[in-house]
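An overview of the molecular structure
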Amino acid sequence: MKRMKRFSLSMVLALVTLAFFCTGAWAEQVTIGFTGPLSGPGSGYGRDNLNGLKMAVQDVNEQGGITIDGTNYTFEMQSYDDMIDPSAAVNNARRLRSREGARVIFNPVFNTIAPLMEINEQKGSEFLMMAYSSTPKIDELDNDLTASIPPPFTAYVKAFSDIAWEKGWRKAAMVVTLGAYGDEWREAFRHHWESLGGEVTADKPANYYTETDFSSQISAALATDPDFLLIGGPSEPTGLVIEQARNLGFEGGFILVDQAKMDYIADVVFDGDLSLMNNVIGIAQVLDVPSPAVKDFNKRYEEQFEVHNTFEAMLNYSALNIVFDAMEEAGTVTDPAAIKAAMSKVLPQNAENVPTPYLGMLETKLLVPATAGVIEDGEYAKAYQYLWWPEDEEALEKYKEMAPSGIENRWLPLDGYTTD
Amino acid sequence: MFTKPIHTKLLYLAILAAALLLPWYVPDAYIFQIVTMSVLYAIAASGMNLILGFTGQVTLAHGAFFGMGAYGVAIMTKAGIVFWLALPVSALIAAFIGLLIGLPTLRTRGAYFAIVTLCFGVIVWIVSGNWIELTGGHNGIFGIPRPSPIPVPFFGQIEFFTQTGMYYLALAVLLLVLFALYRLVYSVFGLTFMAVRNNEPLADSVGINTYATKLVSFVAGCFIAGLAGGMYAAMMGAVSPSAAGYMLTFNFLIFVILGGMATLPGPVVGAFAIPVLMEFMQFLDDYRMLIFGALLIMVIIYFPMGLVGGLRRLNQKVAAWRQQKFPESDHASR
Amino acid sequence: MDLFLQQVFNGIMFGSTYAIVALGLTLVMGILNIPNFAHGHLYMLGGYLLFFFASTIGLGYWLGMIVSVAAMGVVGVIMERIVYRPLNDQPHINAFIAAVGSLLFLESFALVVWGSQGLRIPNPHPQIIEIMGITMSIQRLLVIFGAIALILGLHLFMKKTILGITIEAVAQNREGAMLTGINVNRVSSMTFAISAGTAAVAASLLTPIFMLSPSMGAILGMKAFVIVILGGMGSIPGAIFGGFLLGLIEALGGGYISAAYKDVFAFGALILILSIKPTGLFGQKEV
């Protein structure tokens, strides 16, 4: 016993000493910061985001970094875990900013983005907040040093409803995840679906992060005899919901909220088998994105990280490339305001270089089409690209030109986001 | 019995001076942030220590009361009430709800009380995420205004837009809370707390109303948690259900136990040592929680009385050793 | 009516898992007085070990299950020896902190070894049957019958074998048992092995229906705690009854009233019950 005590004590000491040696910072590179959930619930999502960023940094360095006024800059990705705890996120951002000099910080959860937006404009410690959050609430916080990466989720609400309506579905029942994102989705979907003339027969949310059995909610929802179920949260539990609903005898369709990815579910939960997933509408499979860069990105991504590729990774990858270009355009790697201002000048992105090219910028919002897909008859049947910001036909044509081709384009103006 | 040797007093004075002068030598905004948050956590943990350490009731709802303070300030200041009124009112609300919950649950003992309070904590956490009209749901409340400046004659005014302002505010509250706890715990009334902790049936038989004693301690602890939560809201500018979560309770618990239960400096030491350690271990990436978990187990095995308890024991040993070695010099110093 | 029966079935299925998970915990809490808050994480680890033995090594479901249960028994013994035995003479709250440390350790261990992407064990019995308008899959029925078999087996073990009787003796009077020459440390090890083993059984039955994730044990562990307290610490009938009660409250409350607040019903019921009966439903009155 005594020997064990001594042994473990010396282990602790050794660890602490080792730790002291490892913390020395070096390299004159430009640091790109990330804080997000890397452990606990939501860690899969956080890692998807981070992986895309890592890949972008790796690629730009391989091409020799960027050059401003004859000086060459390479990049370094620095990430910290915040477990969706606001105070940890603020600590991490402070650390990234004042210790590692990061002027651009990514975060993927609104709960932690909101407190970061309280400090990113403080004099002397400004940083550009790259927010991967599709909630319109970001716009309520008046903040000039923010750019939001994904399309607003309302674009998906409208796009998926559009396809479902076309298919003749009318009665919806909802078994969506609890949480900020799910709550907003449910509300927005109900509002939109009822305005189309559809009916919402049941609303039985479940916590996708903590539960694994959804049969009581699904049974209650199915008892109202709906045409389809609106489901979704993280992809894995969403797959379980599909399976459990099918096991309860449900033969109708599904709409997946945009957090859940149909190809991820098919590959990870059902091992590539699409038989349970007939009549699923959701965000398109990554390979249906029309840009030429996708296939190569997909292959490299899955080889390197050994996880399924997702839109989170691709959008973050593309967004970080905007930052690199904007730094070059602005001629600075340290002034967040100048970098932000230069962003709109480097858009649209070239579909040869990034998997999901951004086409423009509107205040804090980076503009990228919402891509929707349908599974029918055991295969990925259709995919559409929804342009949600053009105000009129003319603007639509302009952006259609810019958007990667090879996919059906649809126009779906969203209130509060239109631009020409 | 409670008088301290002179060098301990000197140590406390030195720490106080260091704390007051902190903004002049703190190296960067990151360290400043950690220290300020630690001051806040120290307040909340001291409140928990009153219930847990001095009265012996294992409450696992402390994060919930912290959250009530945070949401109270968030809701009231967003409605236009000044922070300086919203803060005490929120803490009073937390204390009042603590009273309502304490009345039935303090009938239970030991592990039963721990789990009842844990359940209450989880309920508050769930409600804070789902009562959208009041709490903003899982998105929470954001854009919370900073405390309004305090005018000081001949000096201008104290602003709270900077880290410095918030730090001094938190520090002032911490000192106030510690002072109040010091007076309370070492009073005759405070002794009844410890009597209840050490032997409840015995305390009962010598005429102490143990139920009322536990209730007073619980409500006071909840009030302190509410104070800390209220300042958290103003400092972060955004409140979400994690500010009322049970993980927060576990953090406070770890601060109190590892710092040193039933000592006044213990929770403060814990609230500084643990977050600093956690930040320091960030470079371990995926292995951070793995190693932190193992460390937690080892520390609790080797320092069952917490860091402060361990130091005191060490101090005693040194004193005993000295006495043995130089018996006359010890005499002389008296 | 169909819906009601379906919900009752769902409740019973979940209740039976709650019951066996809580059973393992009540042994440890009641007999050894150890608040093992990491019990849910033992369940999680059991699931991953099943994945490892059944899928990675390729032993198949049933053989993999036996090996993983045995392996978890060993994990239980190690945990008792390293984490809890040194804390024997310290206040319970210290053991609680050690439990929090263990759960952090186990969760990040799974994260480091198996990654954050959900893993799946192929369902060995995916067939669906329908009885009286209730749809059920064979694996779900297996969960219920497996739980009943485990409960009966454990009962027989405690009543009919020497080791079981020894464990009960320690539970009733630790010092007395020591005086009669019972090796209390050995009993502690065995109890932990059984406790971790039952968690692995629960995980083995359930994971083919669900998916593995490092954080899947957290909420289950907390619920098991609630059930143990609800039933009364150390009470086996209490754990079984509490498990089924919680399963039914959740299924019916979640299905009929509000899914968002279903845990509030369950936890609120506990506060109410303990306010009336402070030592749990089946608990002995404290001295």
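Because the structure is predicted, anything quoted here is derived from the model rather than measured.

Criteria and cut-off values
Residues numbered from 1 in each chain as written. Chains lettered and ligands numbered in written order. Predicted model: local features only at pLDDT ≥ 70, side-chain atom pairs only at ≥ 80, totals over all residues. Heavy atoms only, no water. Phe/Tyr/Trp six-rings, centres within 6.5 Å; stacked < 30°, edge-to-face > 60°. Helix = DSSP H or I, 4+ residues; strand = E, 2+ residues; numbered from the N terminus. Buried < 20%, exposed > 50% of the residue type's maximum accessible area, 1.4 Å probe, protein only. Pairing = 2+ DSSP bridges. Domains from an automatic or database assignment. Contact = heavy atoms within 4.5 Å. Buried area = accessible area lost by both parts, 1.4 Å probe. Salt bridge = Lys/Arg side-chain N within 4 Å of Asp/Glu carboxyl O. Polar contact = N/O pair within 3.5 Å; in protein donor to acceptor, adjacent residues only side chain to side chain. Nonpolar A, V, L, I, M, F, W, Y, C, P; charged D, E, K, R; others polar.

Considerations on the packing of aromatic side chains
Counted under the stated rule, the structure contains 49 aromatic pairs over all chains. Ring geometry for Phe110 of chain A and Phe142 of chain B: centres 5.0 Å apart, planes at 80°, overall edge-to-face. One end of the pair, Phe110 of chain A, is in helix 4 (residues 110-119); the other, Phe142 of chain B, is in strand 1 (residues 141-142), on a second chain. The exposure classification of Phe110 of chain A matches that of Phe142 of chain B, with both residues buried. Ring centres 6.0 Å apart and planes at 75° place the aromatic pair Phe113 of chain B and Phe218 of chain B in the edge-to-face group. A residue pair is termed long-range when its members are at least 10 positions apart, and Phe113 of chain B in helix 6 (residues 110-130) and Phe218 of chain B in helix 11 (residues 210-236) qualify at 105 residues. We classify Phe113 of chain B as buried; its relative accessible area is 0%.

Some points on the pairing of strand 2 (residues 134-137) of chain C
All names here are of chain C. Alternating residues of strand 2 divide into Ile134 and Met136 and Thr135 and Ser137, and every residue in both groups is buried. With four bridges connecting them, strand 1 (residues 128-131) and strand 2 associate as antiparallel partners. When the sheet's bridge partners are listed, Ile131 is paired in strand 2 with Ile134. The hairpin turn running from strand 1 into strand 2, its antiparallel successor, is two residues long, and Met132 in that turn takes a positive phi close to 50°.

Some points on the domain arrangement of chain A
All names here are of chain A. Domain boundaries in chain A define domain 1 (30-152 + 293-367) and domain 2 (153-290 + 369-411). Every contact between the two is made by 26 residues of domain 1 and, on the other side, 28 residues of domain 2. Around 2,300 Å² of area is buried between domain 1 and domain 2 when both sides are counted, 73% of it from carbon and sulfur atoms. Its largest share of buried area at the contact with domain 2, domain 1 owes to His308, Phe311 and Leu359, together 30% of the area lost on that side. Inspection of the region where domain 1 meets domain 2 yields two salt bridges. Note that Lys261 is salt-bridged to Glu312, the shortest N-O span being 3.0 Å. For the interface between domain 1 and domain 2, the tally reads eight residue pairs in polar contact (both at pLDDT 80 or more). If you list the elements that add at least two residues to the side of domain 1 that touches domain 2, you get helix 10 (294-305), helix 11 (311-330) and strand 14 (365-367). When grouped by side-chain class, the residues that make up the side of domain 1 that touches domain 2 number 14 nonpolar, eight polar and four charged.

Some remarks on the interface of chain C and chain B
Counting residues at the interface gives 41 residues for chain C, matched by 39 residues for chain B. Summing both sides of the interface, chain C and chain B together bury roughly 3,600 Å²; the carbon and sulfur share of this comes to 81%. Ranking the residues of chain C by area buried against chain B places Ile93, Ile97 and Ile271 of chain C at the top, with a combined share of 16%. The interface formed by chain C and chain B contains zero salt bridges. Along the contact surface separating chain C from chain B lie six residue pairs in polar contact (both at pLDDT 80 or more). For the side of chain C that touches chain B, the secondary-structure elements that each account for two or more residues are helix 3 (61-84), helix 4 (92-114), helix 9 (217-231) and helix 11 (262-276) of chain C. The dominant element in the side of chain C that touches chain B, judged by the number of residues it contributes, is helix 4 of chain C, at 13 residues. A class-by-class count of the residues in the side of chain C that touches chain B yields 29 nonpolar, 10 polar and two charged.

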